[in-house]
Structure formats: C-alpha cells, structure tokens
2 protein chains.
Amino acid sequence: MSRCWNVSRPENGHSPDVVWQYSPLSRDERWDALGHAGATIWFTGLPAAGKSTIAGAVEQRLVSSGRHAFLLDGDNLRHGLNGDLGFDEQARRENVRRTAHVARLLAESGAVALVSLVSPYISDREAAAELHASAELPFMEIFVDAPLALCERRDPKGLYARARAGELAGLTGVGAPYERPRHPALVLRSGEETVEAAVERVLAELELRCMGVPALER
Amino acid sequence: MSRCWNVSRPENGHSPDVVWQYSPLSRDERWDALGHAGATIWFTGLPAAGKSTIAGAVEQRLVSSGRHAFLLDGDNLRHGLNGDLGFDEQARRENVRRTAHVARLLAESGAVALVSLVSPYISDREAAAELHASAELPFMEIFVDAPLALCERRDPKGLYARARAGELAGLTGVGAPYERPRHPALVLRSGEETVEAAVERVLAELELRCMGVPALER
C-alpha cells in the first residue's frame, strides 16, 4: 500500500495551470486514525442481474459493523452528479469515468466504495481499475452474472419489457452490447446462490485484499 | 434531520427512464452505526486566500479524532473528476455543480466533506447549498476573506504574477469577478487570525450544526 495518498495525478488536459494541493495527512495516518483501509468494489452486470441488491446488502453489513461504506448506485447517480448525461456510448463512458473518480475519492477517504453500475464496456472498467491501481488503492471487479432470460423475467423496473416493445432504445442486453469481464475478482451467479451467500463471498474477498488492516467484524 | 436518506432526487433531465434505487439503510441507521453525522463545509474565497490551508487543518483535526472527513480540493479535482473542464463560465459552473454532488454523497455517507474551491459565483454556491438543503444535510458556507493585495503578495502558485503579466486569463480577482457571500455561516479573515484560531471557530460551528450527534473530541 502506498505511503502517501498523493501518488496519482491523472488526466488534466484542460487545466495545465492547476497546481496539485498536498494534503497535510498521509494515507496511512488517515486510515490508521479511522481504523480501516479504503477500497472500491465494482459490481458490473446486466440490468436486473442483482448488482444493487447484493451491493446494498454488503453495504449494510459493513456499516452495521461500524465500517464506513457507501453505495454508489448507477441509477441514483443519474439523478444527481450524472444527471446531465444521456445514454449514447460517449455519455455512458463519461458516466463510468465520473463514477470511478468518485469511488476513488471515497476509497482514498478510507471508505469502502460500492459501485453498482451496468458499465457494459471492458475498456471503461479497465480504466476504473487503472485509476485505482495508479493510486495503489484496492479495487475489486465483481461480475454479477445472470442469464439474460432470468434478468428479463425479473425485470423489476419494466425496462426489458419496454425495450422489447420498442419503447426503449439501447438497453444493455437488448439494444446494446454487454462485454463480460475477462478476469473479475469474483463471479456471483445471482440465479444460483442466495444474496446472503454472495455477501459472504464478497466480504471474504474484501478481507483478503485489505489484509493488514483491522479485520472486519462479521 | 431527515429520517430517511432518500428524500432528494435532483435533476434528471436526461435520464427519465432511470428508476431510483432505494437503499436498505436509512440515514439514521448509517449515522448511528458510524457514530457521527455527515455534513459539508464549503470554503470559498479568492485564490491564495487560505482556503485549502484552513480546510486541510480542519480535516486533520477531524480525522485525528477518528471522525471521517475528506477534503475535496478544487485544484486536485481538476486533476481527476473535473479534469475535462476548462475555465470559461460554463465550465466553472459545472466544476462547482459536480463538486457539490460529490460533497453531498460524502455527507450522506456520514463523512464531513470539506470543499476548498474558489467558487466565485453566488448562484453556484447557492445551488450547492440548496442541493444539501433539499436532502436535509448540514451545509456551512465559510468565506475565507483576505484582501486581494494580500492574496497577491502570498501568491504561492505564482498565478497572480502570471495574470498580471498577461499570461493567464480569467484568474478570479484579476480577470474574472468574485462575488462575496451574502450570508456565510462564518467569515474567516486569514490575514488577521491564525490557522489554529480559524480551525477552532470552524469546529465550534460544525458542532453547533450537528448537535444531537456525538460531540467531536477536541
């Protein structure tokens, strides 16, 4: 783990005159004071695959044990930070880019950032991973893998039905592609395992990746 | 304080098909588990007025006492989340809008978000305040008030010198306006009081605004 939180200064193409402001706190001082490390857990998968359900349950377990965790739900961010973005490919990429930056800030702050976002393109998810790697922050890509037919049967928001009826263009899985992760940290098969079982696996993996920091209370 | 964190669903003009995802955790459950409330403290003022110095010192005090706090420094955000933005008026507004959203997410998560950002326009800062008010989250606008001549003498990044030499257009205070806050929660005169004294005043005001949550250890 880095000894200093200011290791990374990513893209800054439009602000060449902006000087980096150093923090008086090192990452170690921050995380030591809070008693735990920060990390980002990125849940990707088709709409209705179960990402937000599992991520929300992980968040609840972490917060209940006194650990700072926060769910960045892709849908909710589109009501706020990303409310200015549409759904064409460029807008989707910008949606992922911003979300990755917010997750990194949360992780840097010592929280566990839980991202629940379709994020259909491998290159975008790799960019999110790289953003964390360049700052030496733990990052786990978790593939919530559910067959399209199952997602369509669930369809809690009625999106698939509307896409099939021709009322909603570009829904991932129907009118737009989903690129499956190549090397995810975990694959959760939400049609075959309970939410509780999935949560246990995520927490075990998190603990493994944040070894050396205080163990999570289970 | 709100009993539920899902009270606010702001602008969503480009995503009418996106459905709000409810969290299994209420704000109270979250803040109770963490032992403290979230809030945003927004430092505004001229370049080199002392915003980041004071905000960083407040952050250090909070984190040292085990409280989750994080400094969103305007310059640093321009190396990441806001690295795609320039300095014309529209870009500056978008810079403030995004920063306000990230601060709100941090506050919602239970952290104290410390924003250090010139944010020269009253309307943008009011929008940031309103974003928090609509979610019933504590928000303090703090005006770091230093005379332009003093900021120019300090000029740690050499920006004023370059602006005066005609090499840097649109620097707030020289080539672009700064609108002074009308009703800030606090005015810190960085030319007349020490950083330590300013920090004490900020912490006292924060404690006042987050009454009913565990007192800050000083």
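We now turn to the structure provided with this report. All values reported here derive from a predicted model rather than from experimental measurement.

## With respect to the sheet that holds strand β4 (residues 139–144) of chain B
All names here are of chain B.
Part 1 of the reasoning: Pairing is parallel in the open sheet, where five strands are placed in the order β2-β3-β1-β4-β5. Edge positions in the open sheet fall to β2 (69–73) and β5 (186–188), since each of these has one partner strand only. Adjacent strand axes in the sheet meet at a mean angle of 20° when their direction is disregarded.
Part 2 of the reasoning: By the bridge criterion, three bridges tie β4 to β5 in an arrangement that is parallel. Bridge pairing links Ile142 to Leu186 in β5.

## What about the packing of aromatic side chains?
Part 1 of the reasoning: Tallying each qualifying case throughout the model produces four aromatic pairs over all chains.
Part 2 of the reasoning: For the pair Phe143(A) and Tyr178(A), a centre-to-centre distance of 5.9 Å together with 15° between the ring planes defines the contact as stacked. With Phe143(A) in strand β4 (residues 139–144) and Tyr178(A) in the loop between α7 (159–164) and β5 (186–188), the pair connects residues that are 35 residues apart, well separated along the chain.
Part 3 of the reasoning: Seen from their ring centres, Trp42(B) and Phe139(B) are 6.0 Å apart, and the 40° between their planes marks the pair as tilted. Of this pair, Trp42(B) sits in strand β1 (residues 39–44) while Phe139(B) sits in strand β4, and the two are 97 residues apart along the sequence.
Part 4 of the reasoning: Its end group placed over the ring of Phe87(A), Arg78(A) keeps NZ or CZ at 3.8 Å from the ring centre.

## Remarks on the pairing of β4(A)
Residue and element names in this part refer to chain A.
Part 1 of the reasoning: With six of six residues buried, β4 lies mostly within the body of the structure.
Part 2 of the reasoning: Both strand β1 (residues 39–44) and β4 contribute to a ladder of five bridges, which runs parallel. Paired with Ile41 across the strands is Met140, a residue of β4.

## Thoughts on the sheet that holds strand β2 (residues 69–73) of chain A
The pairing of strands in a sheet happens through backbone hydrogen bonds and is either parallel or antiparallel.
Residues and elements named next belong to chain A.
Part 1 of the reasoning: Here we have five strands laid out as an open sheet, ordered β2-β3-β1-β4-β5, and parallel in their pairing. The open sheet terminates on both sides in strands that have one partner only, identified here as β2 and β5. Ignoring strand direction, the axes of neighbouring strands in this sheet form an average angle of 20°.
Part 2 of the reasoning: The sheet contacts of helix α5 (residues 122–133) involve β1 and β4, and relative to β4 the element is tilted by about 155°.

## Observations concerning helix α2 (residues 51–64) of chain B
Residue and element names in this part refer to chain B.
Part 1 of the reasoning: When the terminal C-alpha atoms of α2 are compared, their 20 Å separation across 14 residues agrees well with the 20 Å that a helix rising 1.5 Å per residue should span.
Part 2 of the reasoning: Among the 14 residues of α2, 10 are classified as buried, and the element is accordingly described as predominantly covered.
Part 3 of the reasoning: Looking only at α2, the buried set comprises Lys51, Ser52, Ile54, Ala55, Gly56, Ala57, Val58, Glu59, Leu62 and Val63.
Part 4 of the reasoning: Just beyond α2, the residue with positive phi is Gly66, at close to 85°.

## Examining the packing of helix α1 (residues 27–34) of chain A against helix α4 (residues 89–109) of chain A
Residues and elements named next belong to chain A.
Part 1 of the reasoning: The N-to-C vectors of α1 and α4 enclose an angle of 70°; their axes lie 9 Å apart at closest approach. Taken together, α1 and α4 sit at an angle that is classed as roughly perpendicular. Where α1 abuts α4, its residues Arg27, Arg30, Trp31 and Leu34 lie against Ala107, Glu108 and Ser109.
Part 2 of the reasoning: Along the lines of polarity and charge, the residues of the contact of α1 with α4 split into three nonpolar, one polar and three charged.

## Considerations on the pattern of salt bridges
Part 1 of the reasoning: The full count for this structure, using the stated rule, is 38 salt bridges over all chains.
Part 2 of the reasoning: Between Arg98(B) and Glu94(A) there is a salt bridge whose closest N-O contact spans 3.8 Å. You can see Arg98(B) sitting in helix α4 (residues 89–109) and its partner Glu94(A) sitting in helix α4, one on each of two chains. Both residues of the pair, Arg98(B) and Glu94(A), count as buried.
Part 3 of the reasoning: It is possible to trace a salt-bridge network through shared partners that takes in Asp84(A), Glu94(A), Arg97(A), Arg98(A), Asp84(B), Glu94(B), Arg97(B) and Arg98(B).

The rules behind each value
- Residues numbered from 1 in each chain as written.
- Chains lettered and ligands numbered in written order.
- Predicted model: local features only at pLDDT ≥ 70, side-chain atom pairs only at ≥ 80, totals over all residues.
- Heavy atoms only, no water.
- Pairing = 2+ DSSP bridges.
- Helix = DSSP H or I, 4+ residues; strand = E, 2+ residues; numbered from the N terminus.
- Axes fitted to C-alpha atoms, helices over the stretch in contact; angles between N-to-C directions.
- Phe/Tyr/Trp six-rings, centres within 6.5 Å; stacked < 30°, edge-to-face > 60°.
- Lys NZ or Arg CZ within 6 Å of the ring centre and 35° of its normal.
- Buried < 20%, exposed > 50% of the residue type's maximum accessible area, 1.4 Å probe, protein only.
- Contact = heavy atoms within 4.5 Å.
- Expected span 1.5 Å × (residues − 1).
- Parallel < 35°, antiparallel > 145°, perpendicular 65-115°, else oblique.
- Nonpolar A, V, L, I, M, F, W, Y, C, P; charged D, E, K, R; others polar.
- Salt bridge = Lys/Arg side-chain N within 4 Å of Asp/Glu carboxyl O.

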